[in-house]
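An overview of the molecular structure
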Amino acid sequence: MSNPVTATAQVDARPEVVYELITDLPTLTSLAEETVAMELHKGDAISKGTVFVGHNENRGRRWTTKCTVTDAEPGRVFAFDVRHKVFPIARWQYDIVACDGGCRVTESTWDRRPGWFRKLAGRATGVTDRVAANTEHIQITLQRLKQRAETG
């Protein structure tokens with residue numbers, strides 16, 4: 001597995017509030033940069049083993065992924081593995097740590113695509129430098145999360 005792309009933000013909101021925001025799929029969709037919709041596929045609430053489908057778009061290119069929740073600990077951690085058909089794509093994780101009356105949120109992603117698949121994926125998604133794109137997208141997501149959590 002590749003090294004993670006990661007960033008952290010201090011959020012003036014309780015860890016449980018932040019967790020509720022990131023595990024509400026319509027809200028997470030609104031926070032994320034490439035995602036245009038997420039829908040539950042298997043399960044009726046977010047818990048370990050829940051499967052949801054992500055619909056993504058970048059510069060007019062669209063693709064769909066299947067996401068399986070691997071960690072769902074309220075107020076602490078939310079993580080999911082992403083696949084496209086049978087191919088592993090990524091792991092996304094949100095770690096939440098209470099501090100200073102609010103919490104510190106760390107968003108991380110690991111690229112799990114096979115080497116030969118990366119060039120094809122770059123053409124399909126319009127993103128040739130996934131590390132740079134994810135670095136920028138995580139910053140945007142954390143800014144939006146902070147704003148949303150702090151304004152209620």
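Residues numbered from 1 in each chain as written. Predicted model: local features only at pLDDT ≥ 70, side-chain atom pairs only at ≥ 80, totals over all residues. Heavy atoms only, no water.

1. A closer look at the pairing of strand 1 (residues 5-11)
Basically, it comes down to this: The buried label applies to any residue whose accessible area, calculated with a 1.4 Å probe on protein chains only, is under 20% of its type's maximum; exposed applies above 50%, and partly exposed to all values in between. Each helix is a run of H or I in the DSSP string that is no shorter than four residues. Each strand is a run of E no shorter than two, and both are numbered from the N terminus. Only when DSSP finds a minimum of two bridges between them are two strands counted as paired.
Side chains V5, A7, A9 and V11 of strand 1 all project onto a buried face; the interleaved residues T6, T8 and Q10 project onto a face where none is buried. Pairing of strand 1 with strand 7 (residues 102-111) involves seven bridges; the strand directions are antiparallel. Bridged to A9 within strand 7 is V105.

2. Focus: the packing of aromatic side chains
Definition in use: The criterion for an aromatic pair is that two Phe, Tyr or Trp rings (for Trp, the six-membered ring) have centres within 6.5 Å, with stacked assigned to planes under 30 degrees apart, edge-to-face to planes over 60 apart and tilted to the rest.
Evaluation of the coordinates by the stated rule reveals six aromatic pairs. Ring plane angle 50 degrees and centroid distance 5.5 Å describe the contact between F78 and F80, whose orientation is recorded as tilted. The burial state of F78 is the same as that of F80; both residues are buried. Centre to centre, the rings of F87 and W116 are 5.3 Å apart; their planes meet at 80 degrees, and the pair counts as edge-to-face. Of this pair, F87 sits in strand 6 (residues 87-99) while W116 is found in helix 3 (residues 115-125), placing the two residues 29 residues apart along the sequence.

3. Observations concerning unusual backbone geometry
Positive phi, normally seen in glycine, also occurs at K85, with a value near 55 degrees. Within the element layout of this structure, K85 appears in the loop between strand 5 (77-84) and strand 6. We note that D100 has phi near 50 degrees; this positive angle belongs to a residue other than glycine. If you trace the backbone, D100 turns up in the loop between strand 6 and strand 7. Look at D100 and you get exposed, because its relative accessible area is 72%.

4. Section: the sheet that holds strand 6
Threshold: Axis definition: a line fitted to C-alpha atoms, limited for helices to the stretch in contact. Angles are taken between N-to-C directions and run from 0 to 180 degrees. Every residue pair with non-hydrogen atoms within 4.5 Å of one another is taken to be in contact.
Pairing is antiparallel in the open sheet, where seven strands are placed in the order 1-7-6-5-4-3-2. Each end of this open sheet is capped by a strand with a single partner; those strands are strand 1 and strand 2 (35-42). Direction aside, neighbouring strands of the sheet carry axes that sit 20 degrees apart on average. Sheet topology note: the strand 2/strand 3 (residues 51-58) ladder contains six bridges and is antiparallel. In the strand pairing of strand 3, E39 is matched with V53. The strands touched by helix 1 (residues 15-23) are strand 1, strand 4 (61-73), strand 5, strand 6 and strand 7; relative to strand 6, the strand with the most contacts, the crossing angle is about 160 degrees.

5. Quick word on the pairing of strand 4
The side chains of a regular strand alternate, first on one face of the sheet and then on the other. Bridge count between strand 3 and strand 4: eight bridges; the pairing is antiparallel. The residue bridging F52 from the neighbouring strand is C67, located in strand 4. Connecting the antiparallel pair strand 3 and strand 4 is a turn made up of two residues, with R59 showing a positive phi of about 50 degrees. In terms of strand pairing, strand 4 meets strand 5 through seven bridges, oriented antiparallel. The partner of D71 across the bridge, within strand 5, is A79.

6. Some thoughts on the state of the cysteines
Our working rule: Throughout, a disulfide means two cysteine sulfur atoms within 2.5 Å of one another.
Considering all chains together, one arrives at zero disulfides under this definition. Take C99: it sits in no disulfide, and the sulfur closest to it among the cysteines is that of C103, at 7.0 Å. A relative accessible area of 16% places C99 in the buried class.

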